[in-house]
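Each chain is listed here by its residues.
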Amino acid sequence: MSRYDDEDGRDAGRTFAALPPARGRAFARSWWGRAWLRALEDAALEAAAVKAGRRLARAGGVGAVTVRPGRVTAVVRDPSGAAHRADVLLPRLSDEEWARFEDLAVEQAGHMAALLDRELPPHLMEDAAVAGIELLPGLGDLDPDCDCGAWDHCGHTVALCHQVARLLDEDPFLLLLMRGRDEDAFLAELHVRSSAEPSGVTPPAAGVDAAEAWAAGEILPPLPELPGLPSAPGASPSFATGSPAAPGVDPAALEHLAGRTAVEAYRLLAATLRGERRAGADLTAAQDAVRLACGPAPAAVAERLAAGSGRGRDGLMTAVRAWRTGGPAALAVLDEDRAVEGAALARARAALEAAWEADERPVFHRSGNRWTVQEEGVQLRLGGEGHWWPYRDERGRWVPAGGADPDPATALASARPDADVPAVEGP
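The following paragraphs examine the structure supplied in this document. (Residues numbered from 1 in each chain as written. Predicted model: local features only at pLDDT ≥ 70, side-chain atom pairs only at ≥ 80, totals over all residues. Heavy atoms only, no water.)

Our focus in this paragraph is the side chain of T318. When you line up the elements, T318 lands in helix α13 (residues 312-335). Each residue touching T318, except ones within four places of it in the same chain, is listed here: L334, R397, W398, V399 and P400. (Helix = DSSP H or I, 4+ residues; strand = E, 2+ residues; numbered from the N terminus. Contact = heavy atoms within 4.5 Å.)

Moving on: a nonpolar patch on the surface. Among the surface-exposed residues, V249, L254 and L257 lie close enough to one another that they form a single nonpolar patch of about 220 Å² accessible area. As for its placement among the helices and strands, L254 is situated in helix α10 (residues 251-273). By relative accessible area, L254 is classed as partly exposed at 37%. (Patch = residues over 30% accessible without salt bridge, like charges linked within 9 Å, V, L, I, M, F, W, Y side chains within 5 Å. Areas by Shrake-Rupley, 256 points an atom, 1.4 Å probe, with all protein chains shown as cover. Salt bridge = Lys/Arg side-chain N within 4 Å of Asp/Glu carboxyl O. Buried < 20%, exposed > 50% of the residue type's maximum accessible area, 1.4 Å probe, protein only.)

Before going further, it helps to examine the pairing of strand β3 (residues 71-77). Counting buried positions along β3 yields five of seven residues, so the element is predominantly enclosed. Across five bridges, the pairing between strand β2 (residues 62-68) and β3 is antiparallel. By the bridge assignment for β3, V67 is matched with V72. Counting the residues in the hairpin turn of β2 and β3 gives two residues, including G70, whose phi is positive at 85 degrees. (Pairing = 2+ DSSP bridges.)

Glancing now at the pattern of salt bridges. One side chain can pair with another of opposite charge once the charged atoms of both are near each other. With the rule as written, the count across this model stands at 15 salt bridges. Of the charged contacts, one joins D87 and R85 as a salt bridge, the two residues approaching to 2.7 Å between their closest N and O atoms. A relative accessible area of 41% means that R85 is categorised as partly exposed. Measuring nitrogen to oxygen at the nearest pair gives 2.7 Å for the salt bridge that ties D288 to R291. You can see D288 and its partner R291 sitting in helix α11 (residues 285-292), three residues apart, about one turn around the helix. On the accessibility criterion, D288 (24% relative accessible area) is partly exposed. Where salt bridges share partners, they join R71, R85 and D87 into one cluster.

A few words now on the packing of aromatic side chains. With the rule as written, the count across this model stands at seven aromatic pairs. These aromatic residues form a ring-pair network of at least three members: W98, F101, F173 and F186. In this structure, R381 packs its charged tip against the face of Y391, placed 3.9 Å from the ring centre. (Phe/Tyr/Trp six-rings, centres within 6.5 Å; stacked < 30°, edge-to-face > 60°. Lys NZ or Arg CZ within 6 Å of the ring centre and 35° of its normal.)

Let us look at the packing of α10 against helix α12 (residues 299-309). With their axes 9 Å apart at the nearest point, α10 and α12 run at an angle of 75 degrees to one another. Between α10 and α12, the crossing angle belongs to the class labelled roughly perpendicular. Taken together, the residues of α12 that come into contact with α10 (itself represented by A252, A253 and H256) are V301, R304 and L305. Class assignment of the residues belonging to the contact of α10 with α12 gives a composition of four nonpolar, one polar and one charged. (Axes fitted to C-alpha atoms, helices over the stretch in contact; angles between N-to-C directions. Parallel < 35°, antiparallel > 145°, perpendicular 65-115°, else oblique. Nonpolar A, V, L, I, M, F, W, Y, C, P; charged D, E, K, R; others polar.)

To continue, consider unusual backbone geometry. Leaving glycine aside, a negative phi is the common case for residues, and trans is the common case for peptide bonds. Positioned with a positive phi, R395 is a non-glycine residue whose angle comes to about 50 degrees. Structurally, the position occupied by R395 is in the loop between β9 (388-394) and β10 (397-400).

Encoded structure:
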């Protein structure tokens, strides 16, 4: 009896109704479904047949599929409407091979748990292959037989294989059925073997085997789609429980920290959804104190942030304004007073000269990276990236007046007293 044959023709098998067209989706999402298609692609000699069969399957040309030991069968219709019976034959495992495979399956609780969840553990498949038991089809295992007369895989058998891959995604036990064991018989035998442990033997620990989890790392399904952006950041929980706080824990500070974390998470999600992929900056404790101060905070928390930033209350308010115009980069421009020399100085002067007509150009007094128009109380600061940051004099203190701009004239216009500057809430 050929390993491809049914035992005396008495195996009932299972029949599945025709699936809807598969336009716009992959045929196999599971790793075992993809392994099935790889075996087909390795076996098919004609790339044109593979493409034609994939098109037939996508268009819904495969009828009801019957799966039984050693064989899958379906009627496949050409675009012209002609119907052909297509079969794909698969070698069946011997009773001895099934016994060894079942022994491997009950050796680890993780294997059993995955099988009961209708999954094929990749590590189990690897162990079986090492033991000479090929449950997954390999090169030459998928033997085509179609009444169209083709001697190799044709579009009809290729279409059938793609439809079987979709069925395997939903029920990997169909692969076991094709190899010679239906689901009920296989699980019953596993139950018998797992219950036959000799007394005194400690059962394996629950959980997933580490090697198995590692093996699955490259075949996990893709991550789900990113969530949509909520209308506002989430509200932080209240820590006013009425119970005394643990030593060293300030509930007000903790609540403020949770709120600012929610705001930062919201900002990062918004940036990701816009397609921005900028790496996060590694902030110092003093910089992070400024970030945390960008929102209403209880007086005690504000005092702690002012002290932690090393700036005092007024200095922290100025730093918050800088942070809101450009984050860490704007904070660096607020703090630094660096020399601009050589080529960098030449480029800066050329940009200033090109920004205004000669008779309209303001009179600048330069000190390091700061160009000041003293008569107007406005200032430009050159950042390390070559952009200009506007500042204005408010009660003897230079404060940020807007975001950076590559054009010094645009930046200076936003620093002039008639330009709008966002209000800054105190820390």
